[in-house]
Amino acid sequence: MTPRDALLTSLGNLAAHKLRSGLAMLGVVFGVGTVIAMLSIGAGAEREAMAMIERLGVDNILVRARRYEREQLEEIRRSSVGISQRDIRALEQAVPGVAAIAPKIAVDAWAIRSPHGKADASVFGVTPRHAELSDLRVREGRFLDALDVREHAQVCAIGPEVEKRLFGWRRALGGEIKVNDIWLTVVGILEGTGGEVDSFQGVSLASSDDAIYVPLSTAQRKFDRSPLESPLTELVVRVPDPSGTGQASLVAARSIRRLLANLHGGAEDYELVVPQALLEQSRATQRLFNLVMGSMAGISLLVGGIGIMNIMLASVMERTREIGVRRALGARKVHIRMQFVTESFTISVLGGVAGILLGVVLSSGIAIWAGWPTAVSPLAIVASTLVAMVVGVASGLWPAIQASELD
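Computed from a predicted model, the values in this text were never measured in an experiment. (Residues numbered from 1 in each chain as written. Predicted model: local features only at pLDDT ≥ 70, side-chain atom pairs only at ≥ 80, totals over all residues. Heavy atoms only, no water.)

## Comments concerning the overall build of the protein
Regarding its fold elements, the protein presents 13 helices and 14 strands. Over its C-alpha atoms the protein spans a radius of gyration of 32 Å, topping by over 25% the 22 Å that the globule rule assigns to 407 residues. If one aligns the C-alpha atoms of the protein with their principal axes, the spans along those axes are about 100 × 50 × 40 Å. With 407 residues in all, the protein has 45% of them scored as buried. (Helix = DSSP H or I, 4+ residues; strand = E, 2+ residues; numbered from the N terminus. Rg over C-alpha atoms; globule rule 2.2 N^0.38 Å. Buried < 20%, exposed > 50% of the residue type's maximum accessible area, 1.4 Å probe, protein only.)

Rendered as structure tokens:
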């Protein structure tokens, strides 16, 4: 008996007992489908996490001012003025590996309007380096430059959502907008980030879509700020990592934490956000998720393999006469074993193919219904198929040996 003959005979036997064959496949179908769906969800979550981290900057460290009630701030300001230019100078001089620092101020904008409309948006005072460190891209016009900062220019760069609300279909570049009581000239339109998520692992993510950026000096001089507030809202510290391991920012973060603790007199009026640490935490969580889901899917495949073995053992007892006829006509034990192993292998492979289709459908359904990102990985499909094949061979070995030993 050739492998081709064994395969054709197996397909004929499976077709003759459709219900039994279908029930034998179910465990493999659900096991493979679960593996692909869970790994697809995991891959999609990892991809989204990476996109969130890129918005923060993998090589960046963010030093952000903490928010407190007025009574708490009054107590804190006795020992610390908050994040200031002194911190920037100290970080540049004392922390190895710091390539650039971009300060930012959040402006309390209570009214934003233009001659054509009104909008709710976040207003930030920044330096020209902020665009580079925060990966802001200009779609039209330009970003803020050093001359704008030096001359306290009343100019701004706006996000696409702000452009839509304040100008509609009209040309925004060169137009005038009013933030509180200050008129600003639009010199740049930014590209959208497309980020619908505004936080990642408890860390807020700033989107440029509905943001207005003005020169840092303009925000300091021409917009009102409470004397209790931190002079600077945030510092974006760039620490390049030539090795690509991500350890540079983690090492620098420890140095920054110690330095700021001394500069602020022990007052915890700031917080450090290290995107690389968030990425590693997300990956660790994802590995645990994949392990748990993979174990559950593995149990399902094991149950499916046991089901196939039971069906094949029952088939051996039913086909004793057939096996005897084959042996009488010259079939050897190896041919009988090949036939039964091929049948269990065929059941498992067909179940694996159905499981792949089920996994793809489940992934798409979850993405549409729950709004979770999914990404069907070719590696998951290949791995699931190989596991299904192994299950088919393993579950058919014992029934095949039993069949070949029949008298």
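## Remarks on the side chain of Asp148
Tracing the sequence through the fold places Asp148 in helix H6 (residues 146–150). Overall, the relative accessible area of 6% leaves Asp148 in the buried class. Filtering out sequence-adjacent residues up to four positions away, Asp148 remains in contact with Arg142, Phe143, Ala153, Val155, Pro215 and Ser217. (Contact = heavy atoms within 4.5 Å.)

## Side note on the side chain of Lys178
Relative to the helices and strands, Lys178 is located in strand S8 (residues 176–179). Among buried Asp, Glu, Lys and Arg side chains, Lys178 stands out as unpaired, with Asp181 the closest opposite charge at 4.7 Å. The residues touching Lys178, leaving out its near neighbours within four places in the chain, are Ala111, Ile112, Arg113 and Trp183. (Lys, Arg positive; Asp, Glu negative; His and termini not counted. Salt bridge = Lys/Arg side-chain N within 4 Å of Asp/Glu carboxyl O.)

## A word on the packing of aromatic side chains
For the structure shown, the criterion picks out 2 aromatic pairs. Following the ring pairs from residue to residue traces out a cluster consisting of Phe124, Phe143 and Tyr213. In this structure, Lys104 packs its charged tip against the face of Phe124, placed 4.4 Å from the ring centre. (Phe/Tyr/Trp six-rings, centres within 6.5 Å; stacked < 30°, edge-to-face > 60°. Lys NZ or Arg CZ within 6 Å of the ring centre and 35° of its normal.)

## Points about the confidence of the model for the protein
One rule of thumb: low pLDDT means the predicted coordinates there are not for detailed reading. Confidence in the prediction for the protein averages 82 pLDDT; 90% of positions are at 70 or higher. Strand S10 (residues 199–200) is the least confidently modelled element of the protein, averaging 58 in pLDDT, while strand S7 (residues 155–158) averages 96, the highest of any element. (pLDDT = per-residue confidence, 0-100.)

## Overview of the pattern of salt bridges
In the structure shown here, the tally under the stated rule is 14 salt bridges. Close ionic contact of Arg142 with Asp145 constitutes a salt bridge, the shortest N to O distance being 3.4 Å. For Asp145, a relative accessible area of 28% corresponds to the partly exposed category. Between Lys164 and Glu161 there is a salt bridge, with the nearest N and O atoms lying 3.5 Å from each other. In this pair, Lys164 and Glu161 both sit in helix H7 (residues 160–167), 3 residues apart, roughly one turn of the helix.

## Remarks on the packing of helix H4 (residues 85–94) against helix H9 (residues 247–263)
Their axes nearest at 11 Å, the elements H4 and H9 cross at an angle of 140°. With respect to H9, the axis of H4 lies oblique. H4 and H9 meet at a crossing whose hand is right-handed. Within the contact between the two elements, H4 uses Arg86, Asp87, Ala90, Leu91 and Ala94 and H9 uses Ile256, Leu259, Leu260 and Leu263. The class makeup of the residues in the contact of H4 with H9 is 7 nonpolar, no polar and 2 charged. (Axes fitted to C-alpha atoms, helices over the stretch in contact; angles between N-to-C directions. Parallel < 35°, antiparallel > 145°, perpendicular 65-115°, else oblique. Left-handed = near helix turned anticlockwise from the far one by under 90°. Nonpolar A, V, L, I, M, F, W, Y, C, P; charged D, E, K, R; others polar.)

## Points about the nonpolar core
If you look at soluble globular proteins, the nonpolar side chains tend to sit buried side by side. With 24 residues, the main nonpolar core has Ile61, Val63, Leu91, Leu235, Val237, Ile256 and Leu272 as its most contacted residues. With 6 residues, the single largest contributor to this core is H9. Not counting residues up to four positions away in its chain, the partners in contact with Val237 are Asp59, Asn60, Ile61, Val63, Leu91, Val98, Ala100, Ile101 and Ile256. (Core = buried A, V, L, I, M, F, W, Y, C linked by side-chain atoms within 4.5 Å.)

## Structural notes on the pairing of strand S1 (residues 60–65)
The buried count for S1 comes to 5 of 6 residues, which makes it a mostly enclosed element. Pairing analysis gives 5 bridges linking S1 to strand S13 (residues 234–238), with the strands arranged antiparallel. Looking at S13, one finds that Asn60 is bridged to Arg238. In terms of strand pairing, S1 meets strand S14 (residues 270–273) through 4 bridges, oriented antiparallel. Directly across from Ala65, in S14, lies its bridge partner Tyr270. (Pairing = 2+ DSSP bridges.)

## Some thoughts on the environment of Val251
Looking at the secondary structure, you find Val251 in helix H9. Residue classification places Val251 among the partly exposed residues on the basis of a relative accessible area of 42%. Along the sequence, Val251 and Val95 sit 156 residues apart, while their C-alpha atoms lie 9.8 Å from each other.

## With respect to the pairing of S13
The element S13 is extensively covered by neighbouring structure, given that 4 of its 5 residues are classed as buried. The pairing of strand S2 (residues 100–107) with S13 spans 5 bridges and is antiparallel. Its bridge partner lying in S13, Ala102 is registered against Val236.

## A short note on the packing of H9 against helix H10 (residues 275–318)
For the pair H9 and H10, interaxial distance at closest approach is 8 Å and the crossing angle is 120°. Comparing the axis directions of H9 and H10 gives the class oblique. Only Gln276, Ala277 and Glu280 of H10 make contact with H9, whose side of the interface consists of Gln247, Ser249 and Leu250. Among the residues making up the contact of H9 with H10, the classes are represented as 2 nonpolar, 3 polar and 1 charged.

## Quick look at helix H13 (residues 378–404)
Helix length check: H13 (27 residues) gives 38 Å between terminal C-alpha atoms against 39 Å at 1.5 Å per residue, within 8%. The sharpest bend along H13 comes to roughly 35°, located at Leu397, with the proline Pro399 sitting one to four residues further on. (Expected span 1.5 Å × (residues − 1). Bend = angle between axes of the 7 residues up to and from the residue.)

## A few points about unusual backbone geometry
One non-glycine residue with positive phi stands out, namely His152, at about 50°. Summarising the element assignment, His152 is placed in the loop between H6 and S7. Relative accessible area serves as the criterion here: at 22%, His152 is assigned to the partly exposed category. You will see that Asn180, though not glycine, has its phi angle at about 60°, which is positive. You can see Asn180 is positioned in the loop between S8 and strand S9 (182–190).

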